[in-house]
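Residue strings, one per chain:
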Amino acid sequence: MDYLNRELSWIDFNERVLLEACSDNVPLLERLKFIGIVSSNFDEFFMVRVAGLQEYYKSGHNDPEISPLPTEALLEAIVQKTRRLFNIQEAVLNTEILPQLKDAGLVYCKPEHCSSVQQQFLADYFYHHIYPLLKLQRSDDEHALVDSVVNVQLHLAFLLADTDGGEDRLALITVPDMPRFIFLPDELLQTDYAASSLPGCNHREQPVLQPTAEANRKKQKPKRKAFVLLDELIRYFGRALFSGCTITGTGIFKINRSASMTIDDSNDDGFIEALEEILIRRRYSFVVRMTSTHESPAVVQRLMDLFQLDPKDVYLSEAPIGLASFAKIAEIEGFKKLRNEKWEHFEHPLLPQQGTLWESIKAHDILLHVPYQSYMPVIRFLQDAAQDSAVLSIQMTLYRTSKTSPVAQALIAAAKQGKKVTVFVELKARFDEERNLGWVKRLQKYGVRVVYDLPHLKVHAKLLLIMRQEGQGEQGYVHLSTGNYNDTTARLYVDLSLFTVNPRMIEDAKIIFSQLCGKYTKENPQYIVTAPERLKYKLLAYIEREIHFALEHKPARIIAKMNSLSHPELITALYRASQAGVHIDLNVRGICMLIPGRKGISENIRVISIIDRYLEHSRIFYFENGGTPEWFLSSADWMPRNLERRVELLFPILDEHNRSLLTYFLKIYFSDTVKAFEMQADGNWQRLSAQKDLLPLRAQEVFHQFFAQKSLVFNGQAAKN
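Read on for a plain summary of the structure. Being a predicted model, the structure only gives us computed values, none of them experimental.

Counting across every chain of the model gives 38 salt bridges. The salt bridge involving lysine 675 is made with glutamate 20; its shortest N-O contact spans 2.6 Å. Here glutamate 20 lies in helix 1 (residues 6–22) and lysine 675 lies in the loop between helix 18 (656–669) and strand 26 (676–679), a separation of 655 residues in the sequence. One exposure class covers both lysine 675 and glutamate 20, and it is buried. Here aspartate 432 ties to arginine 400 by a salt bridge, and the two come within 3.1 Å at their closest N and O atoms. Residue aspartate 432 is found in the loop between strand 12 (420–425) and helix 13 (433–445), and its partner arginine 400 is found in the loop between strand 11 (391–398) and helix 12 (406–416); the two are separated by 32 residues along the sequence. With relative accessibility at 14%, the residue aspartate 432 sits in the buried group.

Now the structure itself:
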């Protein structure tokens, strides 16, 4: 077997993420955050990938991606691997993380295990803040309830005894959209917790402990906080909703509906209407998976019947469920020792902290490495352009941006100043469609020209072009990036971007924007390589060139960092390169269908993956080129969708200083012995560790220290001046 399956490889990636939640070397609240990330990832996986596979299976077709498994066998393998990780996640949360958080002073309580005084507070909170928002759903025709259940949102189910001796009736409640974590007032907490606040220990059956004199003297003792979950509080007081009824069973659950449907973008006139229709259809699409508490088998069975689910589609939990929200509690104030040390986002030494950026960018090609370096230069770049009377036009792409995006706000400000602003907003960015649609309407309202549909293609490229009147002519400024124009994720995702006034890049950017706006042009960009027209073929040509040099016994090497590797032609080309003697180092964060280290096939290929506090998102490519190396950054992973069904960019790094930085970055990535995993010849992943007598090296920590040192040197020089 020459390839791993895409879906199973994706699950392997999430196992590596889950191992961070299992690690004693990771602070407790960060472990909880990784639990939330895994839960959120699997929600999306079932809504998109598993839903699509189920549709293929029902239609009698196999998944079009490379797979040695027929669809039915693949779905069974997905269930087996997912259940194993689900059980690990449950165990580590309930037997390690939550008990250790309790010992550290952050206590998860169930309402039924609270003291009588605490329960009185919870009752008041329930009736004043929650009860008025609850909407009860029940019907004589239970199948009418299906459409009332919201995708991914938590719900409660109650079975009500039928007084006439018939089948118990099912009633559903949607958990309101309000903070899930309800904190008990400090004055209601015990100073000394001899009694547990975790399941299995009922405070009502034990004396309420009073603060001891010794406890009062220990002022340095960490402050405690205790929280109750909104959904469990509703279940506890739920009887108030069913006056006169006997409740025979309860359960908390959530569902994943199919989101695999795509937009028909062949009709330009009705694109937004088609998008809005898709968003409506998603609300009522078929249910792929259900996660539920298991205290009432009768409730679980009724829900399975309601959503037409097989047992394999149901994941029963000890509770709590809906763990994606637990990433939020990691942001709680205090408990500093339970989270990562805060890392500063340093200023770029070549960009002024005061004044505009124009002269600095004209002096150097500037490489920005977020989140180690602050994302503010990108925002300032646009804000400067909005206010600068010499700026004539702004053109850029938006794929995913934040809810209150300062990038979009700057574009609106520029349009208000009378500048020509053109933005391509990708409305097909899955799960960001509504947000992007909202920005389209706001941008258009203020006079921005918005292009939002390129038939049959997603625009995933990250490109910004500003034209400014200088002297007797116009001067262009280009920004290209591996990551989205999103100020929120720029604090969490590792990405690289380039500011340049290189004339060749400027001309290419003009051509690309003309094409995005539907203008015919005979020219094609020459230095910025675009997908789907040329990028795949250019990468294949670069690999072929390394094969040629290796056969001639000239320097031949490929180093590539990306998020995913699944394109069959590129994998085959890399195998051929390995067999020709090309040494290949791959850093692949997520899906990797290539198998390294196989004798006669891929023994010259090494594959690592790094999972750490920041999400590795940058794409860096290096080709030895017979001793004349070339470096590239890209918005594209090596996947069929990126190279054949999206507009993507690959752009060269030409400045020698920036090339040396990329060389250093790649060297550190492949030296990590703390957060790196290496794929073995059997397709399994093994965590790396430092060899004897060598100090451990953690790449992200090294990068933080590197940029901290550069900042210290720069600030010292600035102080002298």
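Here we come to the sheet that holds strand 4 (residues 169–174). Here six strands make up an open sheet; going across it, the order is 2-4-3-7-8-9 and the pairing mixed. Sheet topology places strand 2 (136–138) and strand 9 (314–317) at the edges, where each strand pairs with a single neighbour. Averaged over all pairs of adjacent strands, the angle between their axes in this sheet comes to 30°, without regard to strand direction. As paired elements, strand 3 (residues 155–160) and strand 4 share six bridges and run antiparallel to each other. Following the sheet pairing, phenylalanine 158 is matched in strand 4 by alanine 171.

Time to look at helix 2 (residues 28–59). The end-to-end C-alpha distance of helix 2 is 45 Å, a good match for the 46 Å that 32 residues give at a rise of 1.5 Å each. Phi for glycine 60, located one or two positions after helix 2, is positive at around 85°.

The next thing to look at is the nonpolar core. Leu565, Leu574, Leu586 and Leu594 are the most contacted members of the largest nonpolar core, which has 94 residues in total. The residues touching leucine 574, leaving out its near neighbours within four places in the chain, are Ile543, Ile558, Leu565, Ile584, Leu586, Leu594, Ile605 and Trp638. By size, the runner-up hydrophobic cluster in this structure holds 52 residues, among which are Ile608, Tyr669, Phe670 and Ala708.

So, how was this worked out
- Residues numbered from 1 in each chain as written.
- Predicted model: local features only at pLDDT ≥ 70, side-chain atom pairs only at ≥ 80, totals over all residues.
- Heavy atoms only, no water.
- Salt bridge = Lys/Arg side-chain N within 4 Å of Asp/Glu carboxyl O.
- Helix = DSSP H or I, 4+ residues; strand = E, 2+ residues; numbered from the N terminus.
- Buried < 20%, exposed > 50% of the residue type's maximum accessible area, 1.4 Å probe, protein only.
- Pairing = 2+ DSSP bridges.
- Axes fitted to C-alpha atoms, helices over the stretch in contact; angles between N-to-C directions.
- Expected span 1.5 Å × (residues − 1).
- Core = buried A, V, L, I, M, F, W, Y, C linked by side-chain atoms within 4.5 Å.
- Contact = heavy atoms within 4.5 Å.

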